[in-house]
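Observations on the three-dimensional arrangement
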Amino acid sequence: MTKQSPALDNLLTESRTFPPSEEFAAKANATEQWYADAEADPEAFWERQAERLHWQTKWSQVLDWSNAPFAKWFVGGKLNVAYNCVDRHVENGHGDQVAIHWVGEPGDTRDITYAELHREVCKAANALLSLGVTANDRVAIQLPMIPEAIVSMLACARIGALHSVVFGGFSSSALRSRVDDAEAKVVITSDGQYRRGKAMPMKANVDEALDGADTVEKVIVVRRVGDDLEGGVPWTEGRDVWWHDLVDAQSDEHEPEAFDSEHPLFILYTSGTTGKPKGILHTSGGYLTQVAYSHHVVFDHKPGEDVYWCTADIGWITGHSYIVYGPLANRATQVVYEGTPNTPHEGRHWEIVQNYKVTIYYTAPTLIRTFMKWGSDIPAKYDLSSLRLIGSVGEPINPEAWVWYRKHIGGDRCPIVDTWWQTETGAIMISPLPGVTHAKPGSAQRALPGVSAKVVDNDGNEVPRNGGGYLVLDKPWPAMLRGVWGDEQRYRDTYWAQYAEQGYYFAGDGAKYDADGDIWLLGRVDDVMNVSGHRISTTEVESALVSHPTVAEAAVVGATDPTTGQGIVAFVILRGGVAEDEAGGEKAIQELRDHVAKEIGPIAKPRQIMVVPELPKTRSGKIMRRLLRDVAENREIGDVTTLADSSVMDLISKGMKSRS
Ligand code: WTA
């Protein structure tokens, strides 16, 4: 990975601040004092946070960092993650509290209490055991946003098996590479899923993925769409089993076993700078401690009072940490919605907020910008007065979007928490503390109590106020990744090699301090794009393009996009013998876009593909993406002096103009 200067041209000049209301501050879960307490004694602070959980055996040491960068937290402690998320709430007399208000896209609903969730998780755990799944085995899950997705994850956690959840929109080949990498023994999926009012197949995609995948012994299939699915469900006798046949027949009792604090909990794949996705590994005690802690203080969550809604998909880390583990550990009542935000109409989210009296709403900037585009008259039709806190995650939030969100969704009264974190960090790291922080539109501001972040230059020296550089995490944290599945070297190289001398974790994000020392995130500094909050690597899309028979070479860049944050723009060189009018025509371009969707998934479809005669390269053969980004964003082309052939950019620009 090369270090390049982060885009300082998008340094924000926003200077408004929004202090918390006295009323909110008076009841807030955290106070200013927490920062000082955590700083005075971080380990004692984290011990207090770990006490939120039920431990079968208490730890003997808070942190063992002697084998850095491999951390051990709450060493010697033993706990069961699922017990902490479900059983103990039932044992404490909250069995009748609704855990999940589930809303299906077609309008069907289910309310699931903690007592019911407990029975379902026990049955699913028994079902997995009956298939021979044991602790440390891997279970791949590709499911829509239905209760069985959460139940499956908790069932794995309960028996010490690792889940690897694969986003429902990923293609069969993306699923296959994840199944193979983790050597999954069981796959859990559904017959289909509802998308924009239609039943779409899912099992068929899984079958395509699993053709010849010899680690997989069983496939459990949830019936979600049933007869709505055209063409029925493909079935492999002996391998496939219906969820309702297998799980419903099980006992709803299961004695949870306590696992070591460092027992692996899950693998979640995320894009890196090279083509192959990385399996980010998280473990039990530290992870659960920090997601429960952060959910408590960042969302100011009050169990039994709040109705919480995180709109993420469980296929992403946000769904893992802030739908499944954090909220359930904290005995939340939450909304889980299956579908898209404009089905059957653009007010769907606000209708749900109104109906369930949602108090805490957590979403992504890309969706906020989409809501802006749809118009403020849509949320205005609904009663959103139940909301008391709103949040954002996934990419930098533009000040305009922040201000719109505050006014049109938050009624000018709700604090906004702009939360910075990553799949790798496991939990929120940088965020305002509601009731404490004077919020600034567009800034995540300050590391949470117990967390330490810095903005540093190339050499690892902290930059002064108003200075820009790279974001690092300079102290280990409980929910930190414990490695990249099966690839220790990649873990060291990706995160710890940049600042090896200082021992800092390199996040891959550009950042700056403002005059008050608050942190502003500026986007990725590596070859990872952020499209609608989804991480996609340029190399992944390039490889997909080059795998098409007409393409010889491809270069992909993320260009600024008003709605999705970044849009994927691809430049392709055709193979010899392929005529440009044939392969560069509209139909052929559409075919290339579809090909990428098939290889990776619809989220990776390029917004734009341009056929070019050459790509700009340095003398050492490295593609100069910076110049292509200039083209893609319609800017004056930057410095071309390091190009091997400086006329290349003229050719590309001319080609662009003749087409536009
Ligand atoms: C970006 C999502 C600015 C960042 C939880 C990070 C953000 C990547 C923010 C991780 C934010 C996430 N402000 N940028 N509040 N939140 N990011 O792994 O570039 O899907 O490195 O985790 O998203 O994406 P991931």
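Residues numbered from 1 in each chain as written. Predicted model: local features only at pLDDT ≥ 70, side-chain atom pairs only at ≥ 80, totals over all residues. Heavy atoms only, no water.

Going by an unreviewed UniProt entry, the chain carries the name Acetyl-coenzyme A synthetase and comes from Saccharomonospora viridis. In its Cofactor (unreviewed entry) section, UniProt records this for the chain: "Mg(2+)". (UniProt positions renumbered as here; feature names shortened; annotations may be inferred.)

On to the overall build of the chain. What the chain contains, in helices and strands, is 21 helices and 29 strands. A compact globule built from 660 residues would reach a C-alpha radius of gyration of about 26 Å, and the chain, at 24 Å, matches this within 12%. Across the 660 residues of the chain, 61% fall into the buried class. Long-range pairs, those at least 24 residues apart, make up 72% of the contacts in the chain between residues at least 6 apart in sequence. One finds the centroid of the 65 positive side-chain charges in the chain at a distance of 2 Å from the centroid of its 90 negative side-chain charges. (Helix = DSSP H or I, 4+ residues; strand = E, 2+ residues; numbered from the N terminus. Rg over C-alpha atoms; globule rule 2.2 N^0.38 Å. Buried < 20%, exposed > 50% of the residue type's maximum accessible area, 1.4 Å probe, protein only. Contact = heavy atoms within 4.5 Å. Lys, Arg positive; Asp, Glu negative; His and termini not counted. Charge placed at Lys NZ, Arg CZ, Asp CG, Glu CD.)

Asp418, Thr419, Thr423, Arg524 and Arg535 are the nearest of the 17 residues found near the ligand. At a separation of 3.1 Å, a nitrogen atom of the ligand approaches a polar backbone atom of Gly394. Contact with the protein chains hides 96% of the accessible area of the ligand, taken as 530 Å² for the molecule alone. When residues of the shell around the ligand are traced back to their parent elements, those giving at least two are helix 11 (317-329), strand 20 (416-419) and strand 24 (519-524). Partitioned by chemical class, the residues of the shell around the ligand number six nonpolar, six polar and five charged. (Near = heavy atom within 4 Å. Polar contact = N/O pair within 3.5 Å; in protein donor to acceptor, adjacent residues only side chain to side chain. Areas by Shrake-Rupley, 256 points an atom, 1.4 Å probe, with all protein chains shown as cover. Nonpolar A, V, L, I, M, F, W, Y, C, P; charged D, E, K, R; others polar.)

With respect to topology, seven strands assemble into an open sheet ordered 5-4-17-16-18-19-20, the strand pairing being mixed. Pairing within the sheet leaves two strands with one partner each, and these edge strands are strand 5 (109-113) and strand 20. Ignoring strand direction, the axes of neighbouring strands in this sheet form an average angle of 15°. By the bridge criterion, four bridges tie strand 18 (residues 360-363) to strand 19 (residues 389-393) in an arrangement that is parallel. (Pairing = 2+ DSSP bridges. Axes fitted to C-alpha atoms, helices over the stretch in contact; angles between N-to-C directions.)

Turning our eyes to something else, we now look at the sheet that holds strand 21 (residues 453-456). Consider a sheet: its strands pair through backbone hydrogen bonds, and that pairing is either parallel or antiparallel. Pairing is antiparallel across the open sheet formed by four strands, whose spatial order is 21-22-23-24. Each having just a single partner strand, strand 21 and strand 24 make up the two edges of the open sheet. The mean inter-strand angle of the sheet, taken between neighbouring strand axes irrespective of direction, is 45°.

On to the pattern of salt bridges. Under the definition given, this model contains 37 salt bridges. Measuring nitrogen to oxygen at the nearest pair gives 3.9 Å for the salt bridge that ties Glu351 to Arg348. You can see Glu351 and its partner Arg348 sitting in helix 12 (residues 348-356), three residues apart, about one turn around the helix. Across the pair Glu488 and Arg492 runs a salt bridge whose closest N-O atoms are separated by 2.9 Å. Of this pair, Glu488 and Arg492 both sit in helix 16 (residues 488-496), four residues apart, which is roughly one turn of that helix. Look at Glu488 and you get partly exposed, because its relative accessible area is 45%. Residues joined by salt bridges that share partners form a network here, namely Lys203, Asp207, Arg239 and Asp240. (Salt bridge = Lys/Arg side-chain N within 4 Å of Asp/Glu carboxyl O.)

Turning our attention to the pairing of strand 16 (residues 307-310). Working note: regular strand, side chains alternate between the two faces of the sheet. Neither face of strand 16 is left uncovered, since the one carrying Val307 and Trp309 and the one carrying Tyr308 and Cys310 both have all their residues buried. The pairing of strand 16 with strand 17 (residues 333-337) spans three bridges and is classified as parallel. By the bridge assignment, Tyr308 is partnered in strand 17 with Gln334. As judged from the three bridges shared by strand 16 and strand 18, these two strands associate in the parallel manner. Within strand 18, the residue paired with Tyr308 across the bridge is Ile360.

Glancing now at the domain arrangement of the chain. When cut into domains, the chain gives domain 1 (20-507) and domain 2 (531-656). On a C-alpha basis, the centres of domain 1 and domain 2 stand 33 Å from each other. Taken together, the contacts link 25 residues of domain 1 with 19 residues of domain 2. Carbon and sulfur atoms supply 42% of the area that domain 1 and domain 2 bury against each other, a total of about 1500 Å² over both sides. (Domains from an automatic or database assignment. Buried area = accessible area lost by both parts, 1.4 Å probe.)

Here the focus is unusual backbone geometry. The residue after Ala68, namely Pro69, is reached through a cis peptide bond having omega 5°. Cis geometry is adopted by the peptide bond preceding Pro344, which originates at Thr343 and carries an omega value of -5°. With respect to the helices and strands, the residue Pro344 is situated in the loop between strand 17 and helix 12. Positive phi, normally seen in glycine, also occurs at Arg196, with a value near 50°.

Our focus in this paragraph is the UniProt feature "binding site: CoA" (unreviewed entry) in the chain. Mapped onto this numbering, the UniProt entry annotates "binding site: CoA" (unreviewed entry) at Arg195, Arg196, Gly197, Lys198, Thr318, Asn342 and Ser532. With a sequence span of 338 residues, these residues are also far apart in the fold, their greatest C-alpha distance being 25.8 Å. Mapping Gly197 onto the fold places it in the loop between strand 9 (192-195) and strand 10 (198-201). With relative accessibility at 58%, the residue Gly197 sits in the exposed group. Relative to the elements of secondary structure, Ser532 occurs in the loop between strand 25 (528-531) and strand 26 (534-537). Under the relative-accessibility criterion, Ser532 is labelled partly exposed at 22%. What Ser532 contacts, discounting residues up to four positions off in sequence, is Thr366, Glu395 and Thr564. Reaching out from Ser532, the side chain makes a polar contact with the side chain of Thr366 at a distance of 3.4 Å.

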